[in-house]
Amino acid sequence: MTLFEVLVRLVLVLLCFLVLPLVIGQTEHKVMGHMQARVGPIYAGGFHGWAQLVADGVKFAQKEDVVPAGADRRVFRLAPAVALIPYMVVLIAIPLGPGDLVGRSIDAGVFFVLAVMGVGVLGSLMAGWASANKFSLLGALRTAAQLMAYELPMLLAAASVAMAAGTLSLTGILGEWQWWWLPWQAVGAVVFFTAGLAELQRPPFDMPVADSEIIFGAYTEYTGLRFALFLLAEYAGILVLCALTTVLFLGGWHGPWSGDVGWLWTLLKTGLLAFVVIWLRVSYPRLREDQLQKLAWTGLIPLALGQLVLTGIVRVATA
Amino acid sequence: MSVVLLVVIALPLLGAALLLAGQPAAGAGADGAGGRRAQWTGVAFSGATLALTVALAAGFDRDDARSMQFETDKVWASSLDLHFHVGIDGISLPLLVLTALLTFLVAVHSLGTVPAGGSTNAYLALVLVLEAGVLGTFAALDLILFFLFFEVVLIPMYFLIARWGTPGERGPAAFKFILYTLLGSAVMLLGFLLVQAHTGTFDITQLTVGAGDGMSRGVQITAFLAVALGLAVKVPMWPLHTWLPDAHTAAPTGGSVLLAGVLLKMGTYGLIRIAVPVLPEGAELFAPYLAAFGTVGIVYGSLVCLALLRSPDGDLKRVIAYSSVGHMGFALLGIATLTPQGINGALFVNIGHGLITGLLFFLAGAVKERSGSVLIGRIGGSLYARAPRLGGLLAFAAVAGLGLPGLAGFWGELLAMYGAYDPAAGLDRPLYRVLLAAAGIGTVLTAAYMLGIVRKVCAGPGLGAVSPVAAEPVARIEPLPDIGRVDVLAWGPLVVLTVVAGLWPASVLAVTDPAVRALLGGGS
Amino acid sequence: MHLVYPLILAVLLFCIGLYGVLARRNAILVLMSVELMLNAVNINLVAFDMWLRDTLHAGQALTLFVITIAAAEIGLGLAIVLMVFRNRATSDVAALRELAEPGAGPKSAASSARTAPGNEAA
Amino acid sequence: MTAHGYFSTYGLVGLVLLVGAGFVAAAFSANRLLRPDAPSVEKLMTYECGVDPVGEGWAQTHIRYYIYAYLYVIFAVDAIYLFPWATVFADPGFGATTLVEMFVFVGFLAVGLLYAWRKGVLTWT
Amino acid sequence: MTVAISPQGMPTASAHDSLSLVQDIDWAAVAPPLALAVAALVVLLADLFLAGPRKVWLAWISLGGLAAALVLLLPLNDGDTRATFCAPANPTTTPGCSYVVDDFTLVLQLVLIASAAVVVLLSMPMTAPRPWADERDVDSGVPGGEYHFLLLASATGAVTLVAARDLLTLVVALETLSLPAFALVGLRRDGRGGEAALKYFLMSVAATAVLLFGISLLYGATGTVYLDRVAAALTALDPRLETVAATGAALTLAGFAFKVAAVPFHFWVPDTYRGAPVPVAAYLSVVSKTAGFGGLLLVAGIALRPYAHVWGPALAVLAALTMTVGNLVAVRVATGSGDAVRLLAWSSIAQSGYVLVPFGTAAGEGADLSERLSASVAYLAVYAVMNLGAFAVVTAVGRDRPTGLLSDYRGLLRARPAPALAMAFFLLCLAGLPPGLMGLFAKVTVFQAVVAGGTGWLAVVMAVNVVIGLYYYLVWTALLFAPPVPGAPPAAEGTPEGPGTLGAAGALRVPMPFALAIAVAFVLGVVLSVAPQIVLQVLTVPGLLG
């Protein structure tokens with residue numbers, strides 16, 4: 001790989017990282033608006049308020065940076081970066097299309113992706129801890145509990161795919177993918193997607209930031225750009241989750257004429273899933289903390305284990 | 001016949017087990033009918049053992065006293081190369097009989113005087129276990145077995161001192177006794193193991209025949225040092241004797257008798273049986289030291305006794321204990337000559353000392369019991385007047401102790417000194433002559449303090465004159481209970497044997513001499 | 001890449017961990033130091049595994065187990081620390097002296113229980 | 001895979017990390033230039049529903065989280081056995097035995113979960 | 001040997017589909033630890049579904065599992081060496097198996113399983129709701145299900161440890177042994193358990209980390225984890241790697257030295273024994289320690305044998321230190337605080353020193369090293385019997401006299417002749433004096449090994465230590481026989497303050513499991529005293545350590 005190629009890939013990854021989350025965010029605004037019988041952003045940029053989030057960004061960048069007096073300053077300042085950057089790193093491993101259309105094919109891709117995503121949650125934890133605020137701390141602990149409960153079904157579901165493909169590489173998994181994997185891994189897909197939502201603290205799993213209970217959880221004390229980075233991280237998280245679900249369970253670039261427009265399939269499927277994420281937010285009420293734990297330990301994990309068994313048996317039977 | 005020897009060792013243990021099993025229940029009176037039964041059980045078992053040893057002596061082939069008889073050799077733990085190998089020859093037979101006799105007498109003595117401190121059952125059981133250990137030690141023909149029996153003695157003796165001894169001093173004395181001797185025996189064990197590591201056997205008869213084969217001079221010296229050190233603690237050799245006076249003083253009468261009469265013999269016996277024949281080169285190197293330490297012991301023991309006699313709180317038992325140090329010094333000197341005469345003398349000293357000192361301790365115990373004190377200054381003197389027979393017997397024992405010709409104490413010292421006059425080839429003759437002279441002075445000093453005892457205790461002017469501190473006017477002649485029936489039974493045999501051995505030394509020497517010569521000649 | 005770099009890293013980590021274990025008094029910090037040491041082990045194992053081209057991958061296999069061990073230790077350790085904390089309201093190892101050799105703290109019962117060999121004669 | 005490829009892969013990952021860090025740094029540099037800076041005591045006070053804060057910021061939280069943390073650690077660590085196994089279990093030479101072995105392994109997890117459930121650990125009290 | 005070894009090293013290299021990469025497992029060989037593991041699971045599940053008084057079954061299941069493991073040892077005792085989980089054969093190296101059942105393994109497994117069974121007996125009143133438990137046991141608050149599960153899990157680790165022949169299995173088994181043990185120590189919920197567990201835990205995990213670091217270096221230097229291959233690689237080592245290997249060896253041995261409580265890695269022992277429930281202390285001092293020594297024997301005796309000239313003197317110093325410090329402090333405890341469990345803790349440290357002594361001869365000339373190391377095995381077997389016996393009596397007495405002081409034992413003979421005599425016997429065994437011939441023979445064995453190895457100074461140090469040790473054992477023994485303190489009020493229930501409280505007959509009730517445990521240990525002790533060959537035959541097994 002030449003230096004130029006490396007640079008191009010880096011720039012492309014950065015671009016995706018900067019653009020796609022904004023797209024998802026804008027979509028959320030608009031979709032929510034329409035679902036709630038209103039129009040959403042309409043003025044900024046003119047056409048359907050397309051520049052709303054850019055304007056938001058500019059606004060955030062001009063705001064004062066407040067660090068509470070009681071806070072652990074260094075950790076407090078570092079937290080947003082820790083929350084954001086992992087998602088960008090993950091992007092590099094996600095294949096966009098067939099062949100070499102990927103930032104970098106990583107051997108233990110599934111493992112790498114899941115591990116790095118886990119780091120992102122650390123940002124929330126740091127934020128909650130460093131704020132020296134009861135509500136922030138509570139939010140952080142909820143985040144942690146959620147991570148703990150949902151990381152496992154996610155891992156197990158991903159393992160199921162890895163078992164089916166016999167490889168941990170994301171490109172390798174796509175290389176092995178067959179259409180009948182869709183029904184075969186359906187349960188795993190649901191588990192993975194649900195668990196991912198929970199890990200992102202998206203509704204209906206948004207207890208860590210439940211504003212009616214604990215203000216804004218770990219982010220209560222944040223203002224300005226740092227707060228914006230947390231928001232960006234959330235949307236980047238949605239992007240990553242949807243892209244991963246696509247790659248692992250929906251066949252990624254597979255589809256008609258995939259040789260030419262494979263990347264389009266990936267984007268399409270990812271977008272569809274992102275829409276589902278938004279849709280869920282609008283449709284479901286927030287779960288209680290105990291319901292959340294119960295769903296994970298008595299629902300998703302047994303399901304994931306079942307999927308694992310199924311995958312194993314089918315795989316050995318057909319080998 | 002060999003089974004008889006096994007029975008001799010096992011019988012006391014059986015008796016001890018019976019006594020312990022028959023222990024009166026907790027809280028019940030320790031000295032009721034149960035105590036009486038215990039005393040008779042003890043007498044019965046020790047008596048049976050004595051009878052069997054006498055039978056052994058009768059069945060002993062005197063014409064072949066040099067070789068092992070009544071042998072049993074069974075593998076016990078093959079991995080350790082441990083054999084249960086026992087047997088007796090002319091060297092061990094007299095000691096065996098002496099042990100059985102003294103134990104029996106102690107048991108008989110307990111009929112009259114029940115020692116206070118614990119249940120009678122336990123007391124007699126411990127005495128019997130002690131007897132088994134000593135008998136086993138004298139019969140053992142395997143180094144590890146010897147060590148085992150050597151150790152068996154420790155715990156019963158410890159408890160005899162610690163539980164039935166003189167309140168106030170028994171605890172530390174018992175500890176001193178057991179820690180000293182255990183340290184000694186542990187070092188001795190190392191010596192044994194060293195021997196085995198180089199010769200491949202623990203068997204004493206084989207090793208005696210081998211006479212050092214397979215061991216380099218260095219190994220022999222190291223091993224001898226270790227073995228002799230362990231045994232010397234037991235003998236006890238000056239300057240390792242410090243446990244002895246305390247233990248003797250604190251122990252109950254029976255314990256003192258056994259300690260002096262029997263236990264100390266294990267040390268000299270071990271030197272004769274193991275250290276000298278098995279490690280001849282080591283013995284040759286260290287013999288002069290042994291002799292020197294022995295002689296120092298003789299003189300030192302006598303001097304301490306004299307000092308004790310003069311001091312206001314001189315303790316009669318302590319005096320006898322230090323006299324033991326002196327007497328065993330003669331045994332050491334005899335052994336260290338490495339001549340048949342010397343070793344025979346050492347063995348004779350063993351027998352004589354066993355009889356005489358046993359008697360002395362019995363008498364000291366009796367005096368203590370009757371007068372209430374064992375301090376020479378407090379006994380009150382005038383024993384002749386207060387209890388004439390007791391006084392007479394004490395005088396007899398003291399005279400025997402100073403080695404009067406015609407009594408058992410004489411021949412052993414004579415033979416030992418004779419051996420020192422003409423030690424084995426290779427030993428420093430002038431040195432031995434000097435030691436001989438010193439030992440001679442020791443005998444004089446011994447005579448001095450023994451007569452001193454007689455003067456102060458038996459004749460003595462009376463309490464007030466000796467100890468001005470005790471100002472209270474004591475009735476000048478206060479009669480004490482004299483010798484009773486049980487006492488006759490318990491002491492009589494000792495008196496008789498002292499006279500017999502003194503008048504007819506051949507009775508012992510005829511048995512020991514061939515065996516000793518065989519031993520020094522490499523068993524051939 | 002030269003073997004020496006990961007090894008130096010491992011040794012450094014190990015030493016930091018060891019220092020923490022020896023110098024720290026807070027149980028949690030000691031625990032974290034131990035984790036550092038275990039991670040040094042992991043680096044070592046993986047580096048050696050690559051360097052040796054071990055066909056059995058014993059080093060990597062052991063790494064997996066070390067991770068497991070570390071996790072188990074942390075879990076159990078935190079449980080114990082929590083238990084102690086709830087009883088004593090401290091996780092300072094040096095402050096836990098109840099079981100220490102008497103003499104360091106006031107123990108009146110200790111003196112009454114003297115069992116020197118001599119005193120049984122009393 | 002050669003060691004070289006291994007390191008170059010993660011070298012790129014490292015580069016992305018750098019780029020990310022650079023992005024954040026750039027954003028904050030811009031922010032520093034653009035933002036006002038006027039701290040006041042009230043502004044720096046911890047925010048609690050708009051009223052003055054009560055008590056310490058770092059409050060003790062309930063221990064029940066700990067149980068979940070422990071469960072998570074157990075299962076997450078077990079997953080590291082699952083992934084290497086997942087890639088090879090169906091390869092020639094392994095087959096059903098390997099599968100059953102992993103089921104035994106997963107069975108142990110299930111027993112653990114069952115235990116936690118029966119002991120009431122999973123019930124939020 | 002029923003080992004199927006595939007000739008292929010790597011899964012991906014398997015070109016022939018007919019070849020199975022799955023090894024056949026010699027189930028008979030792994031049956032004993034397997035039985036324990038299954039029993040542990042059964043206990044765990046049974047705990048969930050048994051309620052109230054029926055929880056007493058947990059202890060019986062636990063005992064049943066151990067009995068089954070013992071029975072499963074029988075078919076293995078056919079003189080053959082069974083090896084399983086073997087690495088692919090390689091013409092240039094030694095076989096390399098992970099799990100080997102030979103005479104060494106069998107002896108130690110027997111000791112471990114039997115000891116664990118005795119510990120279960122001792123735990124019964126503490127963990128069972130009825131019929132033995134009463135309010136005294138309830139106070140301890142030890143949950144039965146967890147307790148027996150943890151005990152069995154730990155025992156599984158111990159039993160596996162002595163069969164392990166590669167560093168990886170060794171480490172995993174060691175942790176399986178240790179982790180439940182931490183929890184066992186902490187199960188006593190009165191605060192002392194927590195403190196004991198924390199101290200034990202922190203020291204232990206630090207030692208584990210050191211051990212693992214050592215192992216990682218050894219692996220790096222030799223390129224293998226199989227003990228026999230490590231030894232082979234060490235003999236032909238690249239000189240540049242010698243420092244790495246030596247460091248690794250030192251760290252590994254240090255890790256094990258902690259496990260066996262050798263001075264200066266012993267600090268946790270007294271506090272932990274004191275704070276743990278007494279049966280758990282017994283478990284730590286016998287099972288955990290025996291297994292630790294098993295590991296040390298394997299690592300030092302097989303893998304690091306080429307370095308015997310290096311670790312031999314080091315361990316000799318360690319042994320001397322361990323004995324001396326253990327004994328001296330024990331004497332101080334005996335004359336000072338007089339805490340029974342603490343005394344046993346220090347005594348067990350001293351006993352560790354005796355076990356270590358044969359290691360110290362490794363550098364010496366003379367007979368074969370493995371023959372000398374066998375003396376340690378023999379000593380361990382004897383130690384298990386006598387120490388468990390002593391702990392059994394201490395558990396029984398401590399149930400009535402929670403102060404746990406030596407003075408509780410004054411006059412025990414009057415109150416309870418049988419346990420008192422047994423205790424005296426065990427103490428004298430530990431001291432190594434007749435009638436405790438078993439202990440004496442064990443010490444003779446060790447002495448023999450040292451003398452054969454030509455390490456004279458160590459022999460002398462040990463001899464002196466035996467004498468020091470005698471002191472405190474004898475103090476204790478003497479107390480048993482001492483009459484109750486005259487004038488002390490008659491011991492009524494609920495007057496733990498008074499000295500000499502064991503005076504009244506019947507004050508001490510010994511429940512059936514305790515009586516059984518004491519009886520088992522006592523009978524074993526007597527049998528081994530009369531027929532020591534049963535244990536000592538391990539000395540003459542050729543090549544006990546490979």
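Every chain begins its residue count from 1, and numbering advances along the sequence as written. A letter from A marks each chain and a number from 1 marks each ligand, given out in the order of writing. Only residues with pLDDT of at least 70 get local features here, since the model is predicted, and only at 80 or more are side-chain atom pairs given and counted; chain-wide, interface and lining totals rely on the full set of residues. To obtain the side-chain values, all non-hydrogen atoms of the structure were used and water was disregarded.

Under an unreviewed UniProt entry, the name given to chain E is NADH-quinone oxidoreductase subunit N, and the source organism is Yinghuangia soli. Note on chain E: under the UniProt heading Sequence similarities (unreviewed entry), the record states "Belongs to the complex I subunit 2 family." UniProt positions are given in the numbering used here, feature names are shortened, and annotations may be inferred rather than shown by experiment. One UniProt comment on chain E, placed under Catalytic activity (unreviewed entry), says "a quinone + NADH + 5 H(+)(in) = a quinol + NAD(+) + 4 H(+)(out)".

Within an unreviewed UniProt entry, the label attached to chain C reads NADH-quinone oxidoreductase subunit K, and the organism entered is Yinghuangia soli. UniProt annotates chain C under Subunit (unreviewed entry) with the comment "NDH-1 is composed of 14 different subunits. Subunits NuoA, H, J, K, L, M, N constitute the membrane sector of the complex." Recorded in UniProt for chain C, the comment headed Sequence similarities (unreviewed entry) runs: "Belongs to the complex I subunit 4L family."

Engineer: Can you walk me through the interface of chain D and chain A in this structure?
Structural biologist: Reports often express the size of an interface as the amount of accessible area lost when the parts come together. Here, residues are in contact when the closest pair of their heavy atoms is within 4.5 Å. At the interface, 61 residues of chain D touch 74 residues of chain A. When two components associate, each loses some accessible surface as probed by a 1.4 Å sphere; the sum of these losses over both components is called the buried area. For the chain D and chain A pair, buried surface summed over both sides reaches about 6,000 Å², with 79% attributable to carbon and sulfur atoms. Any Lys or Arg side-chain nitrogen found within 4 Å of a carboxyl oxygen on Asp or Glu counts as a salt bridge. Scanning the region where chain D abuts chain A turns up zero salt bridges. Counted as a polar contact is a pair of N or O atoms within 3.5 Å, where, for protein atoms, one must be capable of donating a hydrogen and the other of accepting one, and residues adjacent in sequence contribute only when both atoms are in side chains. Counting across the chain D and chain A interface gives zero residue pairs in polar contact (both at pLDDT 80 or more).

Engineer: How should helix α11 (residues 253-278) of chain B be read in this particular structure?
Structural biologist: Every α-helix winds through 3.6 residues per turn, so residues three or four apart in the chain are directed the same way. Residues and elements named next belong to chain B. Counting from the N terminus, the helices are the DSSP runs of H or I reaching at least four residues and the strands are the DSSP runs of E reaching at least two. By this rule, a helix spans an expected 1.5 Å times one less than how many residues it contains. In this model, α11 (26 residues) spans 36 Å end to end at C-alpha, consistent with the 38 Å of a helix rising 1.5 Å per residue. Note on bend: at a given residue it equals the angle between the axes fitted to the 7 residues ending there and to the 7 starting there. Helix geometry: α11 is bent most strongly at L259, by close to 40 degrees. By the criterion of burial, α11 is predominantly enclosed, with 26 of the 26 residues buried. A simple rule labels every residue: compare its accessible area, found with a 1.4 Å probe on the protein chains alone, to the largest value its type can have, and call it buried under 20%, exposed over 50%, or partly exposed in between.

Engineer: Is there a simple way to explain the interface of chain C and chain E in this structure?
Structural biologist: Taken together, the contact between chain C and chain E spans 55 residues of the former and 60 residues of the latter. Between chain C and chain E the total buried area reaches about 4,700 Å² when both faces are included, carbon and sulfur atoms providing 75% of it. Between chain C and chain E we count zero salt bridges in total. Where the side of chain C that touches chain E is concerned, the elements lending two or more residues are α1 (4-23), α2 (27-52) and α3 (58-88) of chain C. At 17 residues, the largest contribution of residues to the side of chain C that touches chain E is made by α3 of chain C. When residue character is reported, Ala, Val, Leu, Ile, Met, Phe, Trp, Tyr, Cys and Pro are called nonpolar, Asp, Glu, Lys and Arg charged, and the others, Gly included, polar. When the residues that make up the side of chain C that touches chain E are grouped by side-chain class, the tally is 38 nonpolar, eight polar and nine charged.

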